[in-house]
Amino acid sequence: AYKGLLSNALVYIDYDDAALGNSATVRTAVDGSYTLATLNNNYTIVVVTDGNTIDNSSGTLMSGVTLKARAGSTVVTAASTMMEESGLTVAQVQKILGLQTIPDFLTFDAYAAGADAGKALTVEKASTQIMAVVNGFAAAIEGSGASKTDAFNTALKAVSDVIKDKVVGDPNTAWDLTDTTAGADVYLVADKIIAAYDDVGGIAGATKVKFTNMGDDIGAAIGNVNATVATAV
């Protein structure tokens, strides 16, 4: 499991998309590895970070993040999570996230000994940019009154919905998370979040105006961070 290698993250197997897992739970090792057994071939791997989880790329605690991967995956990443949440194919997600050079990002371990450095950097850039969008907007949603879990889930759904919309609109498109001009992809995510406030039931405990007061600034900040990430070598 990685967004940076995640140590001491909680991992379980889910069969029915419920809030609780259907397997024993384990914690990842320092290198992000884990071992779980399942007799069911139709499952989702779920990785949850909490106050005990360390992102080893930065050496900092990482809590409140849920990553997923479908059956057969050997890595759980931001990219695999987008695929699981959106229901798109490997090829569709490769195109939208700019991962066409990665044969199968569901099995490519960017941190494995001997991994192709160029491909590893491509995967890590994509993961970092996705999580910058999700976590940036999640912080704003939480700041508007939502719980950490609801904020993260709302932001994650908004990102996956934008991905689906873009694939439906043009299957050959790729999104740009560095663009901060009006109507750019990061602001499309903000629009999805604003719509979530207006849905029946809204976002529990959250106030839309508090988010909208921050939305454009958050989007611009995310775009600027991702522009810096894009230049990493």
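Residues numbered from 1 in each chain as written. Predicted model: local features only at pLDDT ≥ 70, side-chain atom pairs only at ≥ 80, totals over all residues. Heavy atoms only, no water.

**Here's the deal with the overall build of the protein chain**
At step 1: Check the secondary structure of the protein chain and you find six helices and seven strands.
At step 2: In the protein chain, the order of α-helices and β-strands from amino to carboxyl end is β-β-β-β-β-β-β-α-α-α-α-α-α.
At step 3: What you see for the protein chain is a C-alpha radius of gyration of 17 Å, in line with the 17 Å of a compact globule of 233 residues.
At step 4: In terms of overall dimensions, the protein chain has C-alpha extents of about 45 × 35 × 35 Å along its principal axes.
At step 5: Counting the 233 residues in the protein chain, one finds 43% classified as buried.
At step 6: Excluding contacts between residues fewer than 6 apart, the proportion of contacts in the protein chain whose partners are at least 24 apart in sequence is 59%.
At step 7: Looking at the protein chain as shown, the accessible area adds up to about 10,600 Å², and 53% of this sits on carbon and sulfur atoms.
At step 8: Looking at the protein chain, you have 14 positive and 25 negative side-chain charges, and the mean spots of the two groups are 1 Å apart. (Helix = DSSP H or I, 4+ residues; strand = E, 2+ residues; numbered from the N terminus. Rg over C-alpha atoms; globule rule 2.2 N^0.38 Å. Buried < 20%, exposed > 50% of the residue type's maximum accessible area, 1.4 Å probe, protein only. Contact = heavy atoms within 4.5 Å. Areas by Shrake-Rupley, 256 points an atom, 1.4 Å probe, with all protein chains shown as cover. Lys, Arg positive; Asp, Glu negative; His and termini not counted. Charge placed at Lys NZ, Arg CZ, Asp CG, Glu CD.)

**Quick notes on the pattern of salt bridges**
At step 1: On inspection of all chains with the given rule, the structure shows ten salt bridges.
At step 2: Of the charged contacts in the structure, one is a salt bridge between aspartate 185 and lysine 166, with a shortest N-O distance of 3.0 Å. With a gap of 19 residues between them, aspartate 185 in helix 5 (residues 185–198) and lysine 166 in helix 4 (residues 148–169) connect regions that are remote in the sequence.
At step 3: Judged by relative accessible area, aspartate 185 falls into the buried class, the value being 8%. (Salt bridge = Lys/Arg side-chain N within 4 Å of Asp/Glu carboxyl O.)

**As for the layout of surface pockets**
Over the atoms, a rolled probe matching the size of one water molecule traces out where space is still vacant.
At step 1: Here the second largest pocket is characterised by a volume of approximately 230 Å³.
At step 2: The wall of the second largest pocket is formed by Asp150, Asn153, Thr154, Lys157, Ala158, Asp161, Lys192, Ile193, Ala195, Ala196, Asp199 and Gly202.
At step 3: Breaking the lining of the second largest pocket down by element, the ones donating at least two residues are helix 4 and helix 5.
At step 4: Residue composition of the lining of the second largest pocket, grouped by class: four nonpolar, three polar and five charged. (1 Å grid on protein atoms, 1.4 Å probe; cavity = no way out; pocket = protein on both sides within 12 Å on 5 of 7 lines; lining within 4 Å. Points joined across faces, edges and corners; volume = space filled by probe spheres on them. Nonpolar A, V, L, I, M, F, W, Y, C, P; charged D, E, K, R; others polar.)

**Regarding the sheet that holds strand 3 (residues 26–27)**
At step 1: Ordered in space as 3-2-4-7, the four strands form an open sheet in which the pairing is antiparallel. In this open sheet, the two edge strands, each paired with only one partner strand, are strand 3 and strand 7 (66–70).
At step 2: Where strand 4 (residues 44–48) lies against strand 7, five bridges are found, and the strand directions are antiparallel. Along strand 7, the bridge assignment pairs valine 48 with threonine 66.
At step 3: Packing of helix 1 (residues 78–86) onto the sheet brings it into contact with strand 4 and strand 7, and relative to strand 7 it is tilted by some 70 degrees. (Pairing = 2+ DSSP bridges. Axes fitted to C-alpha atoms, helices over the stretch in contact; angles between N-to-C directions.)

**Considerations on the sheet that holds strand 6 (residues 60–61)**
At step 1: The sheet built from three strands is open, its strands ordered 1-5-6 with antiparallel pairing. Looking at which strands have only one partner, the edges of the open sheet turn out to be strand 1 (6–7) and strand 6.
At step 2: Note: strand 5 (residues 54–55) against strand 6, two bridges, orientation antiparallel. By the bridge assignment, isoleucine 54 is partnered in strand 6 with leucine 61.

**Focus: the packing of helix 4 against helix 5**
At step 1: Where helix 4 contacts helix 5, the two axes come as close as 9 Å, and the packing angle between them is 120 degrees. With respect to helix 5, the element helix 4 is oriented oblique. Viewed along their axes, helix 4 and helix 5 form a crossing whose handedness is right-handed. Residues Thr154, Ala155, Ala158, Val159, Asp161, Val162, Asp165 and Lys166 of helix 4 pack against Asp185, Leu188, Val189, Lys192, Ile193 and Ala196 of helix 5.
At step 2: Considered class by class, the residues forming the contact of helix 4 with helix 5 number eight nonpolar, one polar and five charged. (Parallel < 35°, antiparallel > 145°, perpendicular 65-115°, else oblique. Left-handed = near helix turned anticlockwise from the far one by under 90°.)

**Section: the confidence of the model for the protein chain**
At step 1: When pLDDT is averaged across the protein chain, the result is 91; 97% of the residues are at 70 or more.
At step 2: No element of the protein chain has a lower mean pLDDT than strand 6, which averages 90, and none a higher one than strand 1, which averages 96. (pLDDT = per-residue confidence, 0-100.)

**With respect to the environment of valine 75**
At step 1: Along the polypeptide, valine 75 turns up in the loop between strand 7 and helix 1.
At step 2: Spatially, the C-alpha atom of valine 75 lies 9.3 Å from that of glycine 32, the residues being 43 residues apart in sequence.
At step 3: Beyond its immediate sequence surroundings of up to four residues, valine 75 is in contact with Tyr2, Ala69, Ser80, Phe105, Leu106, Thr107, Phe108 and Asp109.

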